[in-house]
Amino acid sequence: MLKITGYTDRPSLRPGERVEFKISCEGGAGRYRARIVRLICGDDGPASPGYKVHPVDAKINGSYPGRRQTIDIGSYVTTREPADILSRGDFTLVALVLATSPDKGTQQTILACQEAVATNTGRQRGIVLGLDRGGAASITIWDGANQAVLSSGEPLLAHRWYLLAASIDPETQRLTLLQRPLDPAFGEPPRSGGGTTATFDLSDLAGTYVTAAASVALRPDRRRHSTHHFDGKIEAPAIFAGLIDFSALDYPTTLNLTRYLTWDFSRDMGGRYLNDLSGHGHDAEIVNLPTRAVTGAHWRSQTTHWHERPDLYGAIHFHCDDLYDMGWATDFAWVVPADLASGIYACELTTDDGGEDIVPFFVLPPKGKVTASLAFLASTFTYLAYANSHHGYEDSLSEVCYGSLLELGPTEQFLKERRDYGVSLYDRHRDGSGSCHSSWHRPILNSRPKRAIWNFNADLHIIDWLHAIGQPYDIITDDKLHEEGAELLKRYRCIVTGTHPEYHSTAMMDALEEYQRDAGRIIYTGGNGFYWRIATHPDWPGAIELRRGEAGTRCYELPPGERFHAWGGEFGGLWRSQGRAPQKLFGVGFVTEGFDASSYYVRLADSFDPRASFIFEGINDDEKIGNFGILGGAAGLELDASDPELGTPRHALILAKSVEHSNVFLLTPEEMLAGFPGLDAIENDKCRAELVFFETPSGGAVFATGSIGWASSLSHARYDNNVSRLTLNVLRRFLDPKPFV
């Protein structure tokens, strides 16, 4: 298991900017060591070039006291200041609720008024409307000495909407509870705990925090600690003055009583903060990124876009394993020196008990300047999409799809036990719903050197090759491209992508198109790129949102009506579904994947076109391309091919195709309208990677390898091989200022 982990406050920065490091000694070490290095190669496997770094003489290098930092996992809403509600007399708590895991065997808070600091018994004084351990609606009061509990006695049905309400009369000591199903089609009668009297005293509870979806206390260090998380949707939570006749309650349409607190979750859909509409100033903060823009209790397929009818999208879907920011304290910080070269850097963390973590970060050149004619575009949004993925061992079909048995290394075993490190966009939450958010504000343990050859560690093969051939380069990143647009690209003669640039925002796609129109040259050295659309929001820096729909190779599919981003309102899913298939920009797009074995390419007739002569200089006519490498071949993992119907330019040259893939490689779902025999690579020639080259009207050009595995073959035979030679031929010509015709 991992004994030390850490993260930075941001993925990307420039000279003169400050980066903070937040460290936790999970194994209990009292001290640890930190060292800044420049990463060259992260693959330490037996057939790899080896782990390579260049030490950096940084003032922060040294030894530090260790500690284990706490994590507040799970999403909820909380008032930002204490609320004076419980001491005002009788009142009623109301909410519309859809529980996704009513039977999970723990108490679940729906709406609560509680003291922020727990008593010495570990319990918080206050009132909680929620679900009991059996999944039935309940109201619980704890005044520090006495407890009163009233339950409906009947568990809620999962994925069904209910009106829950509880009235509290401190004078008569009476509690009343309502559990009313909102869908009569299921024939479920309203349930009530009736009324009961109990002994409790709320008179000195003048300053309580109001929370939804969890009970929240403060630790001694004043950090929040949430418990009793609710899994499911909550809509229109409110607290009313006075008692309510439940028999006449039609909420929220006809309730005109004075309100102490009202939150409307349909307002400011992507934001982090909520205004109290009661006028009492009980404004709130949304914590740990629950899912918004989800259908509410009165949605009946009237629309599928929340922009058109926000009133039908007044719910928030909360999860017990949502996570935005671990909130760890900063151990040390470093101001990047003005003369530090652009590159991929890391902080090596080690402990005497064998703990190690290598925390990467990306240093760009000074804003508005370049230090090389070539830039490597690091896929930070794709790294984020896969961050701490549990997909492999939580998906029962994974071994069948991979064509191999799973191997769980220390990282996978750690994440399996420590779900408080958050989930990826490939995971389902504990309640079975798909994950829509991922954040940089946590240790991302699978985006590290010395990990699987995938995403970040696979991209370091390209960095290693650039150093091996002596090619200067700058590092730029997805997150900075999203912020700065084409301005970030325009000074570079050539852009090289990573092995798997899968996730892009509209701003990024616009920037790449503009760069290409302005004679830019792009080398796409990967597969399954430019596939999913994502969004960001200024209230949630360092996070991305994804809405998976009814197309694409996906681990889950979001429910109808929930496929538009809360952040900006764009339709989510594949870029292909938006009319912006990657074939239009890069000549190729995703067609198949397989993880059992990689293969090689054979040349096609277009490779002998005089326009492509520079590409194959020094390569024999009948030579197999990439029948070697760390993965066994250059064509592997996920593969792209051309398609004129989806936008591959008519003048594009299809230079080579991969062959001899197994039946594990199947056509992607978007490549077929119906299932039919012959979908695998043995029987279907569409299951292949293609090398594609074309010129652009402005004098630029594009070269695409069509395979994630391409870069893993660059270092074979000390970088003296036809994959390295071909890539170098392309790179030299793309860096030549002479325009393409």
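Structure report, in brief. For every chain, the first residue of the written sequence is number 1, and numbering continues from 1 onward in sequence order. With pLDDT at 70 or above as the cut-off, local features in this predicted model cover only qualifying residues; side-chain atom pairs require 80 or more to be listed or tallied, and sums for whole chains, interfaces and linings still use all residues. As a convention, hydrogens and water are excluded, and side-chain values are obtained from all of the structure's heavy atoms.

1. Quick look at the overall build of the protein chain
Tallying secondary structure elements over the protein chain gives 10 helices and 42 strands in all. For 741 residues, the compact-globule estimate of 2.2 N^0.38 gives 27 Å, and the C-alpha radius of gyration of the protein chain, at 28 Å, lies within 12% of that figure. Reported as C-alpha extents along the three principal axes, the dimensions of the protein chain are approximately 95 × 60 × 45 Å. Only protein chains enter the area calculation, which uses a 1.4 Å probe; residues under 20% of their type maximum are buried, those over 50% are exposed, and those in between are partly exposed. Counting the 741 residues in the protein chain, one finds 62% classified as buried. When checking whether two residues touch, look at their non-hydrogen atoms; a contact exists if any pair is within 4.5 Å. Intrachain contacts of the protein chain at a sequence separation of at least 6 include 72% that bridge at least 24 residues. A residue counts as positive if it is Lys or Arg and as negative if it is Asp or Glu; His and the chain ends are not included. To locate a charge, take atom NZ for lysine, CZ for arginine, CG for aspartate or CD for glutamate. Once the 71 positive and 94 negative side-chain charges of the protein chain are each reduced to a mean point, those two points are 4 Å apart. Where helices and strands are cited, they refer to DSSP runs of H or I of at least four residues and of E of at least two residues respectively, numbered from the N terminus. To get the radius of gyration, use the C-alpha atoms; to get the globule rule, take the number of residues to the power 0.38 and multiply by 2.2 Å.

2. Section: the layout of surface pockets
Unoccupied space between atoms shows up once a probe the size of one water molecule is rolled over them. Cavities and pockets are defined on a 1 Å grid built over the protein atoms alone: a cavity is a set of grid points where a 1.4 Å probe fits but cannot escape, while a pocket is an open set with protein on both sides within 12 Å along at least five of seven lines, and lining residues are those with an atom within 4 Å of any such point. Grid points are joined across faces, edges and corners, and a volume is the space filled by probe spheres set on the points. Space inside the second largest pocket adds up to approximately 580 Å³. Forming the boundary of the second largest pocket are 31 residues, of which Leu98, His159, Lys233, Pro559 and Glu562 lie nearest the centre. Gly falls in the polar group here, along with every residue not listed as nonpolar (Ala, Val, Leu, Ile, Met, Phe, Trp, Tyr, Cys, Pro) or charged (Asp, Glu, Lys, Arg). Its residues assigned to classes, the lining of the second largest pocket shows 12 nonpolar, 10 polar and nine charged.

3. Notes on the packing of aromatic side chains
In this description, an aromatic ring pair is defined by two values, namely the gap between the centres and the angle between the planes. Two rings from Phe, Tyr or Trp (for Trp, the six-membered ring) form a pair when their centres are within 6.5 Å of each other. A pair whose planes differ by under 30 degrees is stacked, one over 60 is edge-to-face, and the rest are tilted. By the definition in use, this model includes 31 aromatic pairs. Residues Tyr524 and Phe530 carry aromatic rings whose centres are separated by 5.4 Å and whose planes lie at 80° to one another, so their mutual orientation is edge-to-face. Judged by relative accessible area, Phe530 falls into the buried class, the value being 1%. Through a chain of ring-to-ring contacts, three or more aromatic side chains come together here, namely Phe21, Tyr32, Tyr64, Phe332, Trp334, Tyr345 and Phe361. In our convention, an over-ring charge means Lys NZ or Arg CZ found within 6 Å of a ring centre and within 35 degrees of that ring's normal. In this arrangement the basic side chain of Arg548 is found over the ring face of Trp532, its NZ or CZ atom lying 4.7 Å from the centre.

4. Observations concerning the sheet that holds strand β21 (residues 273-274)
DSSP-based pairing: two strands are paired if at least 2 bridges between them are found. Taken together, eight strands build an open sheet; the order of strands is β12-β11-β10-β9-β16-β7-β22-β21 and the sheet is antiparallel. The open sheet has two edge strands, β12 (147-155) and β21, and neither has a second partner.

5. Re the pairing of strand β24 (residues 315-318)
Residues Ala315 and His317 point to one face of β24 and Ile316 and Phe318 to the other, with burial holding for every one of them. Across four bridges, the pairing between strand β19 (residues 232-241) and β24 is antiparallel. Among the inter-strand pairings, Gly232 is bridged to a residue of β24, identified as Phe318. Strand direction decides the pairing type here: strand β23 (residues 291-294) and β24, joined by two bridges, are antiparallel. Looking at β24, one finds that Val294 is bridged to Ala315.

6. Some thoughts on the nonpolar core
Within the largest apolar cluster, 108 residues are counted, with the highest numbers of intra-cluster contacts made by Phe693, Leu726 and Phe734. Beyond its immediate stretch of four places on either side in the chain, Phe734 contacts Arg493, Cys494, Arg521, Ile522, Ile523, Phe614, Phe693, Ala701, Val702, Phe703 and Phe740. Take the buried residues of types Ala, Val, Leu, Ile, Met, Phe, Trp, Tyr and Cys, join any two whose side-chain atoms come within 4.5 Å, and each joined set is a nonpolar core. With 64 residues, the next largest nonpolar core counts Leu131, Leu150, Tyr162 and Leu274 among its residues.

7. Topic: the pattern of salt bridges
One speaks of a salt bridge when a side-chain nitrogen belonging to Lys or Arg is within 4 Å of a carboxyl oxygen belonging to Asp or Glu. The full count for this structure, using the stated rule, is 41 salt bridges. One salt bridge connects Glu484 with Arg14, and the closest N-O pair in it is separated by 2.8 Å. One end of the pair, Glu484, is in helix α6 (residues 478-484); the other, Arg14, is in the loop between β2 (12-13) and β3 (18-24), and 470 residues separate them in sequence. Grouping residues by exposure puts Glu484 and Arg14 together as buried.

8. What to know about helix α4 (residues 410-417)
Side chains of residues three or four places apart in an α-helix project in the same direction, reflecting 3.6 residues per turn. Among all positions of α4, only Thr411, Phe414 and Leu415 are buried. Burial along α4 is one-sided: seen end-on, the buried residues are contained in an arc of 95°. Check the buried side of α4 and you find it contacts α2 (391-394). Note that the arc is defined by the directions from the helix axis to the C-beta atoms.

9. Quick notes on the side chain of Thr262
Assignment of secondary structure puts Thr262 in strand β20 (residues 259-262). Think of a polar contact as two N or O atoms within 3.5 Å of one another; within protein, one of them needs to be a possible hydrogen donor and the other a possible acceptor, and neighboring residues in sequence only count if both atoms come from side chains. Among the polar contacts made by the side chain of Thr262, one reaches the side chain of Arg259 at a distance of 3.4 Å. Those residues in contact with Thr262 that lie beyond four places of it in its chain are Pro237, Ala238, Asn275, Asp276, Leu277 and Ser278.

10. Focus on the pairing of β19
Side-chain direction in a regular strand flips from residue to residue, so the side chains alternate between the two faces of the sheet. A large share of β19 lies buried, amounting to 10 of its 10 residues. For strand β8 (residues 91-99) and β19, the ladder comprises eight bridges, and the chain directions are antiparallel. Its bridge partner lying in β19, Leu93 is registered against Ile239. In the sheet, β19 pairs with β20 via three bridges, with the strands oriented antiparallel. Within β20, the residue paired with Phe240 across the bridge is Arg259.

11. Structural notes on the sheet that holds strand β1 (residues 5-8)
The strands making up a sheet are joined through hydrogen bonds of the backbone, oriented either antiparallel or parallel. The strand order β1-β3-β25 describes an open sheet built from three strands, whose pairing is antiparallel. The open sheet has two edge strands with one neighbour each: β1 and β25 (332-335). Averaged over all adjacent pairs, the angle separating strand axes in this sheet is 20°, with direction ignored. Examined bridge by bridge, β3 and β25 share four bridges and lie antiparallel to one another. Residue Glu20 lies in a different strand from β25, and its bridge partner there is Ala333. Only C-alpha atoms enter the line fits that serve as axes; for helices the fit covers just the stretch in contact. Angles between N-to-C directions range over 0 to 180 degrees.

12. Brief notes about unusual backbone geometry
Of note, the phi angle at Ala213 is positive, near 80°, even though the residue is not glycine. Within the fold, Ala213 resides in the loop between β16 (209-212) and β17 (215-218). For Tyr719, which is not glycine, the phi dihedral falls at a positive 70°. Within the fold, Tyr719 resides in helix α9 (residues 716-719).

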